Amino acid sequence: MIIAFWSVFPGMCGVSSNIMAAASYAATQINTDSNDRVALLQTQFKDSGLDFPMLGKGVLKDDFFGTGMDALLTRAQASYLSQDDVFLMSISMIDGKLLFYMGTKEKNSQSYKRSMKRFQHVMKGVDEYAHQVYIDVESGNTELAKQILPKADLAVINICQNERVISCTLDEIEHLGLENVVYLLGRYQPDSSLNINNLQKMYRQMNRKLYAISFETEYMDANSNGSVQNYFTSKMNGNTVIEKQLQALYKRIMKENGRHES
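Since we're looking at a predicted model, the values are computed, not measured. (Residues numbered from 1 in each chain as written. Predicted model: local features only at pLDDT ≥ 70, side-chain atom pairs only at ≥ 80, totals over all residues. Heavy atoms only, no water.)

Chemist: Could you clarify how one ought to interpret the pairing of strand β2 (residues 38–42) in this entry?
Modeler: The side chains of a regular strand alternate, residue by residue, between the two faces of the sheet. For β2, the tally of buried residues reaches five of five residues, placing the bulk of the element in the interior. What you see with β2 is no split at all: Val38, Leu40 and Gln42 on one side and Ala39 and Leu41 on the other are buried throughout. Relative to strand β4 (residues 98–100), β2 is paired through three bridges, and the arrangement is parallel. Each residue of the ladder has a partner; that of Ala39, found in β4, is Leu99. (Buried < 20%, exposed > 50% of the residue type's maximum accessible area, 1.4 Å probe, protein only. Helix = DSSP H or I, 4+ residues; strand = E, 2+ residues; numbered from the N terminus. Pairing = 2+ DSSP bridges.)

Chemist: Help me understand the packing of aromatic side chains in this model?
Modeler: By convention here, two paired aromatic rings are described through the distance between centres and the angle between planes. According to the stated counting rule, one finds six aromatic pairs in the structure shown. Ring centres of Phe5 and Tyr134 lie 6.1 Å apart, and the angle between their planes is 45°; on these two criteria the pair is classed as tilted. Within this pair, whereas Phe5 is found in strand β1 (residues 2–6), its partner Tyr134 is found in strand β5 (residues 132–136), the two being separated by 129 residues in sequence. Taking relative accessible area as the criterion, Phe5 reaches 0% and is therefore assigned buried. (Phe/Tyr/Trp six-rings, centres within 6.5 Å; stacked < 30°, edge-to-face > 60°.)

Chemist: How should the packing of helix α3 (residues 68–78) against helix α6 (residues 119–129) be read in this particular structure?
Modeler: Relative orientation and spacing of two packed helices are given, respectively, by the angle between their axes and the distance between those axes. Contact geometry for α3 and α6: axes closest at 9 Å, N-to-C directions at 100°. Our classification of the angle between α3 and α6 gives roughly perpendicular. Residues Met69, Leu72, Leu73 and Ala76 of α3 lie in contact with α6, whose contacting residues are Phe119, His121, Val122 and Val126. Considered class by class, the residues forming the contact of α3 with α6 number seven nonpolar, one polar and no charged. (Axes fitted to C-alpha atoms, helices over the stretch in contact; angles between N-to-C directions. Parallel < 35°, antiparallel > 145°, perpendicular 65-115°, else oblique. Contact = heavy atoms within 4.5 Å. Nonpolar A, V, L, I, M, F, W, Y, C, P; charged D, E, K, R; others polar.)

Chemist: Would you mind showing me how to read the nonpolar core here?
Modeler: In a soluble, globular protein the nonpolar side chains are often hidden away together inside. Core analysis: the biggest nonpolar cluster contains 53 residues, and Leu41 and Val126 have the highest contact counts within it. Top contributing element to this core by residue count: α3, with five residues. Apart from residues no more than four positions distant in its own chain, Val126 is found in contact with Ala39, Leu41, Leu72, Leu81, Val86 and Val133. Counting 42 residues, the second largest nonpolar core, distinct from the first, contains Met1, Ile3, Tyr25 and Leu246. (Core = buried A, V, L, I, M, F, W, Y, C linked by side-chain atoms within 4.5 Å.)

Chemist: I would appreciate a short explanation of unusual backbone geometry in the present structure.
Modeler: A negative phi holds for most residues other than glycine; trans holds for most peptide bonds. Although it is not a glycine, Asp95 adopts a positive phi angle of roughly 60°. Positionally, Asp95 belongs in the loop between β3 (91–93) and β4. For Asp95, a relative accessible area of 72% translates into the label exposed. Here Arg187, not a glycine, exhibits a phi torsion of approximately 55°, which is positive.

As structure tokens, then:
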């Protein structure tokens, strides 16, 4: 199953922190004796919002030579991805249940655009061997976003508590013709007048499709100091607000996953 996280406006809706939380939580829900895996891919040309929070301080990309998005894209040029490719080109995290792929080291934007023409082959190959594939799609109405979003089994549209952002996002969804979508409020503030209950009344498109991830200090600290993996392997106790929110989103994804597999 392919789950694409995307927003119209870059840097406003917390897409990277949201997808790290969702994918990491999904990985923690896999039984230890299961062969299922969750994959986390990214599409940004530079300034990856995932590498440092997931890998931490003092980690150089050269430490993981032969892994990441560049390795997948190069392999996809030569042949179909095998199970070994999908596993060995990832960094195994969260007790081996999360396959993480670092962002590109490519410096030339045109070369990167050419290589990303093969991304659909990567998507298809990883989807064959991972139970769920989470993709951090570059924000905005880009050609790459237009290629990925319609191919996703579920598009998670990231928004924030800003009426202009919400209005523009809904217009863009209609323009793109996306149907299988849910909406995710990042950095959610429940005391805002634009809370979940009010937004679902204001916008019929969001009725029963709106989820949230609150601004949780300890999780944001984990983003800032590169310890997201540790947060999800040692800090979860089942009682925090963010865990309950992630559980609700996960249940929706699993519901869609059942439809996808049937």
